Amino acid sequence: MTAKTQNRGVGTLVIAIYGVFALSASVRAVYQLLRKYEEAPLAYWLSLLAAIVYIVATFALARGNFGLANKTLIFELAGVLVIGTLSLTVPSLFDHPSVWSYYGAGYGFIPLLLPIFGLWWVRRVRR
């Protein structure tokens, strides 16, 4: 198997995972904002922000726009780290978790690991 074939396979996997997260986070955020807004507006707006980031990352990666993908993945990682830390240090802000709360624990920590893996892959492909 050549390096180009491996990159394509890994890239397809990264794009697919981002696509699933874009869809699931979008549906969840829209539902929460429309049906439960009063319960936890901050968490639900943050979930919508995460969904938008996943959508942008999906399209940037799929189109090979690695500059935009790199910026999006760095923003995502920073968001997960900031929101994850805030959810631990000021838990009252996150009575209802967002996608990035507790470093993505509600999603099996994939929101924390995915941008790290995505950044690694983008850097590997750019070489």
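Residues numbered from 1 in each chain as written. Predicted model: local features only at pLDDT ≥ 70, side-chain atom pairs only at ≥ 80, totals over all residues. Heavy atoms only, no water.

1. Topic: the side chain of Thr58
Here is step 1 of the chain: Tracing the chain through its elements places Thr58 in helix α2 (residues 41-63).
Here is step 2 of the chain: Only 3.2 Å separates the side chain of Thr58 from the backbone oxygen of Tyr18, close enough to count as a polar contact.
Here is step 3 of the chain: Contacts of Thr58, omitting those with residues within four sequence positions, involve Ile15, Tyr18, Gly19 and Ala22. (Helix = DSSP H or I, 4+ residues; strand = E, 2+ residues; numbered from the N terminus. Polar contact = N/O pair within 3.5 Å; in protein donor to acceptor, adjacent residues only side chain to side chain. Contact = heavy atoms within 4.5 Å.)

2. Topic: the nonpolar core
Here is step 1 of the chain: By size, the foremost hydrophobic cluster in this structure holds 29 residues, and its most contacted members are Tyr18, Tyr54, Leu61, Val99, Trp100 and Val122.
Here is step 2 of the chain: Residue assignment for this core shows that the elements contributing at least two residues are α1 (3-35), α2, α3 (66-89) and α4 (110-126).
Here is step 3 of the chain: In terms of residues, this core owes the most to one element, α2, which gives eight residues.
Here is step 4 of the chain: With residues near it in sequence (within four places) discarded, Tyr54 still touches Tyr18, Phe21, Ala22, Ala25, Glu76, Val99, Trp100 and Pro111. (Core = buried A, V, L, I, M, F, W, Y, C linked by side-chain atoms within 4.5 Å. Buried < 20%, exposed > 50% of the residue type's maximum accessible area, 1.4 Å probe, protein only.)

3. Notes on the side chain of Thr72
Here is step 1 of the chain: Structurally, Thr72 can be placed in helix α3.
Here is step 2 of the chain: Among the residues examined, Thr72 registers a relative accessible area of 9% and is labelled buried.
Here is step 3 of the chain: Setting aside anything within four residues of it in sequence, one finds Thr72 in contact with Val53, Val56 and Ala57.

4. With respect to the environment of Leu13
Here is step 1 of the chain: With respect to the helices and strands, Leu13 occurs in helix α1.
Here is step 2 of the chain: In sequence terms Leu13 and Val99 are 86 residues apart; their C-alpha atoms lie 20 Å from each other.

5. Brief notes about α4
Here is step 1 of the chain: Taking 1.5 Å as the rise per residue, α4 with 17 residues should run 24 Å; its terminal C-alpha atoms sit 24 Å apart, in good agreement.
Here is step 2 of the chain: All of the buried residues along α4 are Pro111, Leu112, Leu114, Pro115, Gly118, Leu119, Trp121 and Val122. (Expected span 1.5 Å × (residues − 1).)

6. A short note on α2
Here is step 1 of the chain: For α2, which comprises 23 residues, the first-to-last C-alpha distance of 33 Å matches the rise-based estimate of 33 Å (1.5 Å per residue) to within 8%.
Here is step 2 of the chain: Looking only at α2, the buried set comprises Ala43, Tyr44, Leu46, Ser47, Ala50, Ala51, Val53, Tyr54, Ala57, Thr58, Ala60 and Leu61.
Here is step 3 of the chain: Phi turns positive one or two residues past the end of α2, at Gly64, with a value near 75°.

7. Brief notes about the packing of aromatic side chains
Here is step 1 of the chain: Taken as a whole and assessed by the stated rule, the structure comprises six aromatic pairs.
Here is step 2 of the chain: Plain terms: the ring middles of Phe21 and Tyr107 are 5.6 Å apart, the flat faces sit at 45° to each other, and that makes the pair tilted. Taken together, the positions of Phe21 in helix α1 and Tyr107 in the loop between α3 and α4 put the pair 86 residues apart, joining distant regions of the chain.
Here is step 3 of the chain: Ring pairs connect the aromatic residues Tyr18, Phe21, Tyr54 and Tyr107, which therefore count as one cluster. (Phe/Tyr/Trp six-rings, centres within 6.5 Å; stacked < 30°, edge-to-face > 60°.)

8. Comments concerning the confidence of the model for the protein chain
Here is step 1 of the chain: Looking at the protein chain as a whole, its pLDDT mean stands at 90, while 94% of the residues score no less than 70.
Here is step 2 of the chain: Mean pLDDT per element in the protein chain: α1 is the minimum at 86, and α3 is the maximum at 96. (pLDDT = per-residue confidence, 0-100.)

9. Things to note about the packing of α2 against α3
Here is step 1 of the chain: Running from N to C, α2 and α3 point in directions that differ by 155°, and their axes come no closer than 9 Å. Taken together, the axes of α2 and α3 lie roughly antiparallel to each other. As α2 runs across α3, the sense of the crossing is left-handed. On α3, the residues touching Leu46, Leu49, Val53, Tyr54, Val56, Ala57, Ala60 and Leu61 of α2 are Leu68, Ala69, Thr72, Leu73, Phe75, Glu76 and Ile83.
Here is step 2 of the chain: Within the contact of α2 with α3, the residues separate by chemical class into 13 nonpolar, one polar and one charged. (Axes fitted to C-alpha atoms, helices over the stretch in contact; angles between N-to-C directions. Parallel < 35°, antiparallel > 145°, perpendicular 65-115°, else oblique. Left-handed = near helix turned anticlockwise from the far one by under 90°. Nonpolar A, V, L, I, M, F, W, Y, C, P; charged D, E, K, R; others polar.)

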